[in-house]
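Topology and contacts: notes
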Amino acid sequence: YEALVTERLRVALDQLRSEGATVLEAGVEPAEQAEVLAAHIAEAVELVLTSVPAEGRVRAANDVLSTLLMIAGRHPELVDLIDSGPRQLLELRAPQLNVVPLRRPRIPLRDADLLVNARGEPGLSAELSTEIDSADKIDLLCAFIKWHGLRLLWDELTAFVETGKQLRVITTTYVGATESRAVDALARLGAQVRISYETRSTRLHAKAWLFRRHTGWDTAYVGSSNLSRSALVDGLEWNVRLSRVATPALIDKFAATFDSYWAETQFEPYDADRDRPRLDQALGTARRHDPVQLSGLEVKPFPYQEQMLDDLERERERHGRWRNLVVAATGTGKTVIAAFDYKRLRSQLGGSPTLLFVAHRKEILEQTLRTFREVLVDSDFGELYVDGARPEQWRHVFASVQSLHRFGPNNIDAKHFDVVIVDEFHHAEAATYRALLEHLEPRVLLGLTATPFRADGQDVTHWFGGHIASELPLQQALEWDLLCPFHYFGIADGTDLSGIDWRRGGYDLRGLENVYTGNDARARIVLREVADKISDATRMRALGFCVSVPHAHYMARVFRDAGIPAEAVDASTDRHTRADVLRRLRDRELSAVFAVDLFNEGVDVPDLDTVLMLRPTESAVVFLQQLGRGLRRAPGKDCLSVLDFIGNQHRRFRFDARYLALAGGSRRTLADQVEEGFPFLPAGCHIQLDRVVQQIVLDNVRRQVQVSRPRLAEELHSVGDVSLATYLREADRTLADIYRGRSSWTELRRAAGLPTPEPGPDDGALLRRLVRLAHIDDPERLTFLRAFLEADTPLTATLSPREQRLLAMLFFSLWPDGGGFSTVDDGLRHLWRHPAVRAEILALRDVLDEGG
């Protein structure tokens, strides 16, 4: 296809023609002939030079060029022979310039590349910082600019502008994502900034950098990354690196398009002193509104909520714990508990203690503020800090974590708030929450969550000394009839997901989208099962969780075509439309709403009676959040119907966490529960897996239970290059799983293809003996061993008698029979030459650090 017809290819084509094949050829256009012929010659030259020994390649290349020199005839300047080496010019500076070498981009200036923020590849922020060093002019086109992204490149941009070079920036105020602080900083630095103040819509979604150089070696980056920390450092962002050498036409098009935008009146010059008020207004500070009103009804806690409130009071009064975590199943009224707890604290602390309630979505904050006002019978209580609304009094603030992050936690007096309540506390390990929690010093901290574990398995109870003040798990809430029972159906959908890429502990979403979107065969299965499991699909109130926006809109269209009223919503759907869609669902104007992780948390639709799980969800946290959307009780609602459509999964996908969250028990007994039809569920609940799904789940669960070395290695490879402590936590393994037979952590890392120290002469024997150290729980002893192993020298003569005894304990753990050494000192000197063994002991010490 578009291959240059060569003599060998001609022979092959003639043979195919003689066998009846159709062969279509066309002449190469004169304007393209030089490029096409040169590409073929370049490929041939590269193949030949590769076969030539290194010392003869320059001579061979010059032989080729000499032939071209004869062809050039009267234009010898077209051909330049290669000097000995070969060598490359990396840098050229005028004498008067400073002599500090420039940092060179890891991607050569002549190359194009794709940056995906993957492990082992250069990160975008690191590459941009090195590009800035050698640029003479920079153009940045960026829909959103945030301070925490800008500061990653601040030193380089400052040095760039201070040398008198030109930095041009085009950005927008769309959805209020740009931060005034970042724009002001750029303008005051000396950058030329132009802004589109349109807030309702924007044509600019581009994110691109152009680095122009007087030498002509221009480069550019075009992709998905705005100027924010997550986009530059750890987001799943894709950015293409262009270069004038490899892609000259694209560089020219970039430059011309940017210049045309720069000339448009839509993008107005920004002056920090003159235009800051207008920028703030456009970013949403003038859009203050407060929709929360009182119903006039008296709110009282349920008995189980009273018990949880008493638990909190007991923790504070009897045990002196003023930092407490409440774990309660979704739908049991955690915010009601928080409101009544604050009401009690008013009498205990006196007056009206200052309050900060933190959540991550506007709908949650509005519902919570309404709850607090109802409980306190005070229609003026509290202020919102979200979506442009800003507090004026700063005494009782209901704020989104994003707004607080933009404001900057350090701008808040650490002791200003007497009471801090954080909803959905399993998010606390996120950087935005962590920065806030580490800065604030309230008298009372209260965390609310349905699970103390994050989606990635991390435990957040360490913020509360590893203690949970009061807990109401899902199984207990169902047994107490606090929630609506569920009927769960696992249905085979005929899809094969085994070949989809598995990245960072989950499926590649684009791969899933390609399998699901437009899959009419699967859609027919979904419609058939809905008709089979739901008595009247046009009367149901269903929420469907999809893998992507196109998938959600596709499913909505499929349902509408089948006569079932349906809509799709996504992150781009405005708040009023979302609210209207949910109202129509409640009023039965719609039968189904399809979303993409939009309603996992914080949205109350008690009438919801059906959940359609149309994407694989491995995380038990996310699974329970989605299930929880429909577990609230409502008049006339007998049960929640859950239809989970399951295909043949990737070998790394895990069902165990999901079904353990639903049915309880242990991983080792889960296979029996699957085979027996989950006999121990709370009253009214039911789990039914069809025959195909039951076999898929059984095979998967049994594979998870197996603790074979290949299985552990595959699991570690999936988790990634982490510490032993992190792996044990995230994979739900024990030290006994690692140190069994002849295995060790170092050997497991080697089997998983992860970096390990070079092996010593008898690593294997020593590593196998380290199982003895897995049972040491003396912090003083292990702390000393760490100091010894991390030292720059193995000498032990200067140690105290106690330290000598501690090292002797290590020695005889590894060599009970003395190992043939004349002294303990000789044995420890020998050990010190084994980096892998030293690393293994340090890994065990890390487990103790994390409470193992």
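Above this text is the structure in question.
This structure is a prediction, so every number in the text was calculated from the model and none was measured.

To continue, consider the overall build of the protein chain. Helix and strand content of the protein chain: 33 helices and 24 strands. Counting only residues that meet the buried cut, the protein chain has 49% of its 852 residues in that class. Of all intrachain contacts in the protein chain linking residues separated by at least 6 positions in sequence, the fraction that spans at least 24 positions is 72%. Carbon together with sulfur atoms contributes 51% to the accessible area of the protein chain, which is approximately 41,500 Å² in total.

Here we take up the sheet that holds strand β22 (residues 610-613). Taken together, seven strands build an open sheet; the order of strands is β20-β21-β19-β22-β23-β16-β24 and the sheet is parallel. Either end of the sheet is taken by a strand with one partner, and the two such strands are β20 (566-568) and β24 (686-689). Across this sheet, the average inter-strand angle for adjacent strands is 20°, counted without regard to direction. In the sheet, strand β16 (residues 486-496) pairs with β24 via four bridges, with the strands oriented parallel. Looking at β24, one finds that Tyr488 is bridged to Ile687.

Pairing within the open sheet is mixed, and its eight strands lie in the order β1-β7-β6-β5-β2-β3-β4-β8. In this open sheet, the two edge strands, each paired with only one partner strand, are β1 (113-115) and β8 (268-269).

The relative placement of two packed helices comes down to the angle between their axes together with the axis-to-axis distance. Interaxial distance between helix α12 (residues 334-349) and helix α13 (residues 362-376) falls to 9 Å at its minimum, and their mutual angle equals 45°. Taken together, α12 and α13 sit at an angle that is classed as oblique. Between α12 and α13 lies a crossing whose hand is right-handed. Within the contact between the two elements, α12 uses Thr335, Val336, Ala338, Ala339, Phe340, Tyr342, Lys343 and Arg346 and α13 uses Thr368, Thr371, Phe372, Val375 and Leu376.

Time to look at the pairing of strand β10 (residues 355-359). Most of β10 sits out of view: five of its five residues are buried. Alternating positions in β10 separate into two faces, Leu355, Phe357 and Ala359 on one and Leu356 and Val358 on the other, with burial throughout. Bridging between β10 and strand β12 (residues 396-400) involves five bridges; their strand directions are parallel. Its bridge partner lying in β12, Phe357 is registered against Phe398. Pairing of β10 with strand β13 (residues 419-422) involves four bridges; the strand directions are parallel. Within β13, the position partnered with Leu355 by the bridge is Val419.

Mapped onto the elements of the fold, Gly677 is located in the loop between α23 (667-676) and β24. For the pair formed by Gly677 and Gln694, sequence separation is 17 residues and the distance between their alpha carbons is 9.2 Å.

Another point: the packing of aromatic side chains. Tallying each qualifying case throughout the model produces 24 aromatic pairs. With 4.9 Å between their ring centres and 75° between their planes, Phe559 and Phe594 make a pair best called edge-to-face. In this pair, Phe559 is assigned in helix α19 (residues 549-561) and Phe594 in strand β21 (residues 592-595), connecting sequence segments 35 residues apart. Each member of the pair Phe559 and Phe594 is classed as buried. With centroids separated by 6.1 Å and ring planes inclined at 25°, the aromatic side chains of Phe655 and Tyr659 adopt a geometry described as stacked. Here Phe655 and Tyr659 have matching classes, each one buried. By the ring-pair criterion, three or more aromatic residues cluster together here, those being Tyr488, Trp502, Tyr507, Phe623, Phe653, Phe655, Tyr659 and Phe678. Taking NZ or CZ as reference, Arg168 lies 5.0 Å from the ring centre of Trp262, over its face. The lysine or arginine in question, Arg522, covers the ring of Tyr516, its NZ or CZ lying 3.8 Å from the ring centre.

This part covers the nonpolar core. Of all hydrophobic cores here, the largest spans 87 residues; its most connected members are Phe372, Phe486, Tyr488 and Tyr659. The greatest single-element share of this core, amounting to eight residues, is contributed by α12. In this structure, Tyr488 is in contact with Phe623, Val642, Asp644, Ile646, Arg658, Tyr659, Leu662, His686, Ile687, Gln688 and Leu689, ignoring residues within four places of it in sequence.

It is worth spelling out the packing of helix α6 (residues 154-162) against helix α7 (residues 180-189) at this point. α7 packs onto α6 with a crossing angle of 30° between their chain directions and a minimal axis gap of 10 Å. Taken together, the axis directions place α6 and α7 in an arrangement best described as roughly parallel. Contact residues: Trp154, Leu157, Thr158 and Val161 in α6; Ala185, Leu186 and Leu189 in α7. Residue composition of the contact of α6 with α7, by class: six nonpolar, one polar and no charged.

Turning our eyes to something else, we now look at a nonpolar patch on the surface. The grouping of Val64, Leu68 and Ile71 at the surface amounts to a nonpolar patch, some 270 Å² of accessible area in total. Counting through the fold element by element, Ile71 comes out in helix α3 (residues 57-72).

Considering the arrangement of structural elements, one finds Ser129 in helix α4 (residues 124-134). With sequence-adjacent residues up to four places away left out, Ser129 is seen in contact with Arg103, Leu153 and Glu156.

This part is about the pattern of salt bridges. The tally for this structure, following the rule as stated, stands at 40 salt bridges. Asp341 is the salt-bridge partner of Arg316, the closest N and O atoms lying 2.7 Å from each other. Here Arg316, found in helix α11 (residues 303-317), pairs with Asp341, found in helix α12; they are 25 residues apart in sequence, far enough to count as distant. For Arg316, a relative accessible area of 3% translates into the label buried. Residues joined by salt bridges that share partners form a network here, namely Glu567, Asp580, Arg583, Arg584, Asp587 and Glu589.

When you tally the buried positions in α4, you get eight out of 11 residues, the bulk of the element. Burial in α4 covers these residues: Leu124, Ser125, Glu127, Leu128, Ser129, Thr130, Glu131 and Ile132.

Relative to the assigned elements, Asp508 resides in the loop between β18 (506-507) and α17 (509-516). Residue classification places Asp508 among the buried residues on the basis of a relative accessible area of 18%. Asp508 has contacts with Ile500, Asp501 and Arg503, leaving out every residue within four places of it along the chain.

Further remarks concern unusual backbone geometry. Where the residue is not glycine, phi is negative for most of them; where a peptide bond is considered, it is trans in most cases. Looking along the chain, the bond that leaves Gly85 and enters Pro86 is cis, with omega of -10°. Turning to its location among the elements, Pro86 is positioned in the loop between α3 and β1. Despite not being glycine, Val377 shows a phi value in the positive range, around 50°. Residue position: Val377 is located in the loop between α13 and β11 (383-385). Owing to a relative accessible area of 66%, Val377 belongs among the exposed residues under this scheme. Its identity as a non-glycine residue notwithstanding, Asp387 has a phi of 55°, on the positive side. Residue Asp387 is classed as partly exposed on the basis of its relative accessible area of 35%.

Calculation notes
- Residues numbered from 1 in each chain as written.
- Predicted model: local features only at pLDDT ≥ 70, side-chain atom pairs only at ≥ 80, totals over all residues.
- Heavy atoms only, no water.
- Helix = DSSP H or I, 4+ residues; strand = E, 2+ residues; numbered from the N terminus.
- Buried < 20%, exposed > 50% of the residue type's maximum accessible area, 1.4 Å probe, protein only.
- Contact = heavy atoms within 4.5 Å.
- Areas by Shrake-Rupley, 256 points an atom, 1.4 Å probe, with all protein chains shown as cover.
- Pairing = 2+ DSSP bridges.
- Axes fitted to C-alpha atoms, helices over the stretch in contact; angles between N-to-C directions.
- Parallel < 35°, antiparallel > 145°, perpendicular 65-115°, else oblique.
- Left-handed = near helix turned anticlockwise from the far one by under 90°.
- Phe/Tyr/Trp six-rings, centres within 6.5 Å; stacked < 30°, edge-to-face > 60°.
- Lys NZ or Arg CZ within 6 Å of the ring centre and 35° of its normal.
- Core = buried A, V, L, I, M, F, W, Y, C linked by side-chain atoms within 4.5 Å.
- Nonpolar A, V, L, I, M, F, W, Y, C, P; charged D, E, K, R; others polar.
- Patch = residues over 30% accessible without salt bridge, like charges linked within 9 Å, V, L, I, M, F, W, Y side chains within 5 Å.
- Salt bridge = Lys/Arg side-chain N within 4 Å of Asp/Glu carboxyl O.

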